[in-house]
Amino acid sequence: MEVSDRSSQPIEFVSPKEYAAGIPAVASSLRHVIHRDGVARGGKALLKLNQVGGFDCPSCAWPDPDHERAPAEFCENGAKAVASEAMRKAIGREFFAQHSVEDLMAKDDGWHDLQGRLAEPMLLKEGATHYEPVSWDEAFAILAEELKGLDSPDEAIFYTSGRASNEAAFLYQLFVRAYGTNNLPDCSNMCHESSGTAMRESVGVGKGTVTLDDFLEADVIICAGQNPGTNHPRMLSTLEEAVNRGARVVAVNPLKEAGLIAFSHPQKVMGVLGRPSPLASSYLQVKLNGDMALFRGIAKCLEADGDFVSQHTLGYEAYRTLLERTSWQEIEEFSGISRGEIEELATLVSSGKRRLITCWAMGLTQHRNAVATIREVVNVHLMLGAIGRPGAGLCPVRGHSNVQGDRTVGIWEMMPESFLAALDKQAGITSPRKHGWDTVASILAMQRGEGKVFFGLGGNFVQATPDTDLTAAALRKCRLTCHVSTKLNRSHLVTGKRALILPCLGRSDDDQGRSVTCENSMGVVQASRGRLKPISDQMLSEPEIIARLGEAVLGDVGNIRWRWLAEDYDRIRDWIEAVVPGFESYNERSKKPGGFYLPNAAKERVWHTESGMANFSSDELDAFKVKEGRFILQTLRSHDQFNTTVYGPHDRYRGISNGRRIVFMNPQDLDDLGIGPLRAVDLTSHWDDGERVAENFLAIPYDMPRGMAAAYFPEANSLVPVGSYAKGSHTPTSKSVEISVRLSGSSK
Ligand SMILES: Nc1nc2c(c(=O)[nH]1)N[C@H]1C(S)=C(S)[C@@H](COP(=O)(O)OP(=O)(O)OC[C@H]3O[C@@H](n4cnc5c(=O)[nH]c(N)nc54)[C@H](O)[C@@H]3O)O[C@H]1N2
Ligand SMILES: Nc1nc2c(c(=O)[nH]1)N[C@H]1C(S)=C(S)[C@@H](COP(=O)(O)OP(=O)(O)OC[C@H]3O[C@@H](n4cnc5c(=O)[nH]c(N)nc54)[C@H](O)[C@@H]3O)O[C@H]1N2
Ligand SMILES: [Mo]
């Protein structure tokens, strides 16, 4: 699936920026809003973004301040997300009559996003070249025919992307389980699954244990494997405030990312006119996948907090022995960081009150040993007793705005028995107990011909998953693929025999005055209400779509009356309250300004692990290694995209204009290969089952450790083998792919 770069301008690169935000960020937000014809709509929407009584930003999951909120409580990339969703342009029957599926396939992802909002249900009939309009009734009849026609409910796959509200997600999993399967893969499988798995094993809770207030009390904040300047820009104001109060920020990242170096607050006069404030006081350019070694090294230097360790933990003795056995040589070699620097960091985190927060994102979760790496981070916190007290704790920084909430309310292929039993009692059904397929298993099941109907509640499966060509072929084997979506994407074009597009309301759209709820990265649940008049009367809300699906496929079963539930979301919230602990007085509390915190046992030092204690892990030290002459490739986000939605062709902070098909490499490595800047190269990935090639990436010299490479997601996804995933969490290893690099046109 090769798609060329849209931009007709030549690719340019200049030195990367040394700070994030400031005037260019403000200018860029406004440009995106205006460019997408949404001046009035987009502008109006921005005023309601993240305000009490307004709607939750559809971009990342970083929390809103608990106390006072600024009049403009959004960032440049939140503005881009809103501008993309709030487009006035509608695409319906004329658009699809004009463009065949094949035509649309040849366009790039950025072009798809610019076309506008999906405005009416569309059907691609078997053998047809074009989508045509279909009524909602007919669409549900087709879904019912296909889903009822399967030999087993386990032949259907129900994917979720993390933008779905709690109400939509709860109703969806209710439908899927009443239908009879746990095949509920979600974007989280590719995202923070490793964090959930690791933290549940270590501390009994799969979620972060800190709040925004903790950042203001922390002494040290480590940001490992994340690029907040682009992906969580509002986090920079939190970090800035923490630094102003005396905290030290330590960045751990193979790439020098502008947002971690310094920050200029775009919404403060000082920030716009004044100097950027430095953020990271030290910047460790770790090797890709070297974090386990780095944290092992820190632990090796620490003196444990004896009281905490004896009262709250198990496994310390074994871990201590392992620490002594791990050599500095291995630690330095795997991490690429010198013993001296590690010792310095260890002194920093163990001085004073030992108030340490560690934040991480995809740089830690998308490796083969991701679970072991995150457990190693937890080990350090356990040694310091740096969890469950003010200013200290674990902070996996979530991606999608409601990915955490979706999991809380049941989107998981293996929800625990306690949840299923409560669901069954409330709904009067018997949920299946057999675990379902996660994302990787779903791809393989479709490839084998065992997954036959694919339904997506949001997202862009073919572009988000690894091994693009293999996944595309797998989807094409389905009898039906169906997507509930706001915007056109490639998953509408790589279809089963028949395909449906069901257009839904987005976060910013007025849903007859109704509000939904979302849970942010720190466990705060609050109401979100869109205010923009929907651009078409043919769009339905997600809960309505699911209710009508339930009605068409199952009819009212047990205690479930689909339409009644979806008419008034208070009723869905009452059901969530009855099923999920922590949602007492849900309706009342979620409507209060600022919402409410869900309980988090680990934060209270109550350990819901099997042992009832927090567990040290003792995994053998490990790092991804490649053959001599090869490189480790990570796939990452540019500044102008939200996952598979491409807003533009630039990556401002990294100094890139007009191109996405590029590969960043160490200048010395490029020299050794005789590859000059901007020369076209072919990338070949190597895996047990053979090679995958992606052609014509332009080489960009970049400040990063030797032997490493970086290219954008989703352009480089075709190189990630579906069989390469994290042990224990099945998260594709999007940050460690073994590749070789050669000039395009040359033989090996
Ligand atoms: N604007 C915008 N916001 C977003 C998104 C978006 O696409 N656009 N996506 C959302 C989603 S779903 C998510 S999950 C988050 C993603 O947020 P991030 O995790 O920040 O996203 P990535 O671009 O994948 O960045 C990974 C970072 O980790 C570093 N890294 C890679 N490998 C390693 C490693 O082995 N060790 C260390 N220490 N660092 C490493 C990379 O150099 C890069 O800086 O952002 C969310 N927010
Ligand atoms: N190689 C590589 N692959 C990766 C990653 C990586 O770092 N590298 N990151 C992974 C991560 S962290 C994630 S989270 C996944 C993301 O995977 P997904 O969540 O599947 O992908 P998105 O690009 O966020 O989905 C975008 C689509 O969602 C639809 N959409 C937007 N808003 C709404 C809404 O309100 N309702 C509905 N129904 N639809 C909506 C739009 O049609 C849009 O085209 O990708 C993963 N894939
Ligand atoms: Mo994500």
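Okay, so let's go over this structure. These numbers were taken from a predicted model, which means no experiment stands behind them.

### Overview of the pairing of strand β23 (residues 631-636)
Phase 1 of the analysis: Counting buried positions along β23 gives six out of six residues, so the element sits mostly inside the fold.
Phase 2 of the analysis: Of the two faces of β23, the one lined by Phe631, Leu633 and Thr635 and the one lined by Ile632, Gln634 and Leu636 are each fully buried.
Phase 3 of the analysis: In this structure, β23 lies alongside strand β31 (residues 737-743), joined through three bridges in antiparallel fashion. Among the inter-strand pairings, Phe631 is bridged to a residue of β31, identified as Ile739.
Phase 4 of the analysis: Examined bridge by bridge, β23 and strand β30 (residues 708-712) share five bridges and lie parallel to one another. Looking at β30, one finds that Ile632 is bridged to Met708.

### Describing the site of ligand 2
Phase 1 of the analysis: In the vicinity of ligand 2 lie 29 residues, with Tyr159, Ser161, Ala464, Glu542 and Thr644 positioned nearest.
Phase 2 of the analysis: Gly459 places a main-chain nitrogen or oxygen 3.1 Å from an oxygen atom of ligand 2.
Phase 3 of the analysis: The separation between a nitrogen atom of ligand 2 and a polar side-chain atom of Thr486 is 3.2 Å.
Phase 4 of the analysis: Protein contact buries 96% of the 930 Å² of open area that ligand 2 shows by itself.
Phase 5 of the analysis: Tallied by class, the residues present in the shell around ligand 2 amount to ten nonpolar, 14 polar and five charged.
Phase 6 of the analysis: Both of domain 1 (118-190 + 403-603) and domain 3 (631-743) provide at least three residues apiece to the shell around ligand 2.

### Considerations on the pattern of salt bridges
Phase 1 of the analysis: Within this structure, the stated rule accounts for 46 salt bridges.
Phase 2 of the analysis: Across the pair Lys452 and Glu155 runs a salt bridge whose closest N-O atoms are separated by 3.3 Å. Of this pair, Lys452 sits in the loop between α24 (439-448) and β16 (453-457) while Glu155 sits in the loop between α7 (136-148) and β7 (156-160), and the two are 297 residues apart along the sequence.
Phase 3 of the analysis: When the shortest N-O distance is used, the salt bridge between Arg654 and Glu257 registers 2.9 Å. Placement of Arg654 in the loop between β25 (645-646) and β26 (656-657) and of Glu257 in the loop between β9 (248-252) and α13 (258-261) is noted, with a sequence separation of 397 residues between them. Across the pair, exposure class does not vary: Arg654 and Glu257 are buried alike.
Phase 4 of the analysis: Residues joined in a network through salt bridges with shared partners are Glu76, Lys80, Asp640 and Arg652.

### Topic: the packing of helix α8 (residues 166-179) against helix α23 (residues 417-427)
Phase 1 of the analysis: Their axes nearest at 12 Å, the elements α8 and α23 cross at an angle of 85°. With respect to α23, the element α8 is oriented roughly perpendicular. Along its contact with α8, which presents Phe170, Gln173, Leu174 and Arg177, the element α23 presents Phe419, Leu420, Leu423 and Ala427.
Phase 2 of the analysis: Partitioned by chemical class, the residues of the contact of α8 with α23 number six nonpolar, one polar and one charged.

### Focus on the sheet that holds strand β11 (residues 277-278)
Phase 1 of the analysis: The sheet built from three strands is open, its strands ordered β2-β10-β11 with mixed pairing. Looking at which strands have only one partner, the edges of the open sheet turn out to be β2 (20-21) and β11.
Phase 2 of the analysis: Pairing of β2 with strand β10 (residues 262-264), which is carried by two bridges, proceeds in the parallel orientation. The residue of β10 that forms the bridge with Ala21 is Ser264.
Phase 3 of the analysis: Packed onto the sheet, helix α12 (residues 233-244) meets β2, β10 and β11 and runs at close to 105° relative to β10.

What counts, and where the lines are drawn
All residue numbers refer to positions counted from 1 along the written sequence of the respective chain. Working convention: letters from A go to chains and numbers from 1 go to ligands, in the order in which they are written. Predicted model: local features are reported for residues with pLDDT of at least 70 only, side-chain atom pairs are reported and counted for 80 or more only, and whole-chain, interface and lining totals are derived from all residues. Just so you know, side-chain values use all the structure's heavy atoms and leave hydrogens and water out. Exposure classes here rest on a 1.4 Å probe applied to the protein chains alone. A residue is buried below 20% of its type maximum, exposed above 50%, and partly exposed in between. Put simply, DSSP H or I for four residues or longer makes a helix, DSSP E for two residues or longer makes a strand, and each gets a number counted from the N terminus. Two strands form a pair only when DSSP identifies at least two bridges running between them. We call a residue near a molecule or strand when any one of its heavy atoms sits within 4 Å of it. Any pair of nitrogen or oxygen atoms within 3.5 Å is treated as a polar contact; in protein, a donor-acceptor pairing is required on top of that, and neighbouring residues in sequence qualify only through side-chain atoms on both sides. The accessible surface values rely on the Shrake-Rupley method and a 1.4 Å probe; as for residues, cover is taken only from the protein chains in view. Under the grouping applied here, Gly and all other residues not named as nonpolar or charged are polar, the nonpolar ones being Ala, Val, Leu, Ile, Met, Phe, Trp, Tyr, Cys and Pro and the charged ones Asp, Glu, Lys and Arg. Here the bounds of each domain stem from an automatic or database domain assignment. Salt bridge, as used here, is a side-chain nitrogen of Lys or Arg placed within 4 Å of a carboxyl oxygen of Asp or Glu. As a rule, the C-alpha atoms of each element are fitted with a line to give its axis, helices using only the stretch in contact, and angles between N-to-C directions run from 0 to 180 degrees. Convention used here: angles under 35 degrees read as roughly parallel, angles over 145 as roughly antiparallel, angles from 65 to 115 as roughly perpendicular, and any remaining angle as oblique. Residue contacts follow a heavy-atom distance rule, with two residues in contact if any of their heavy atoms lie within 4.5 Å.

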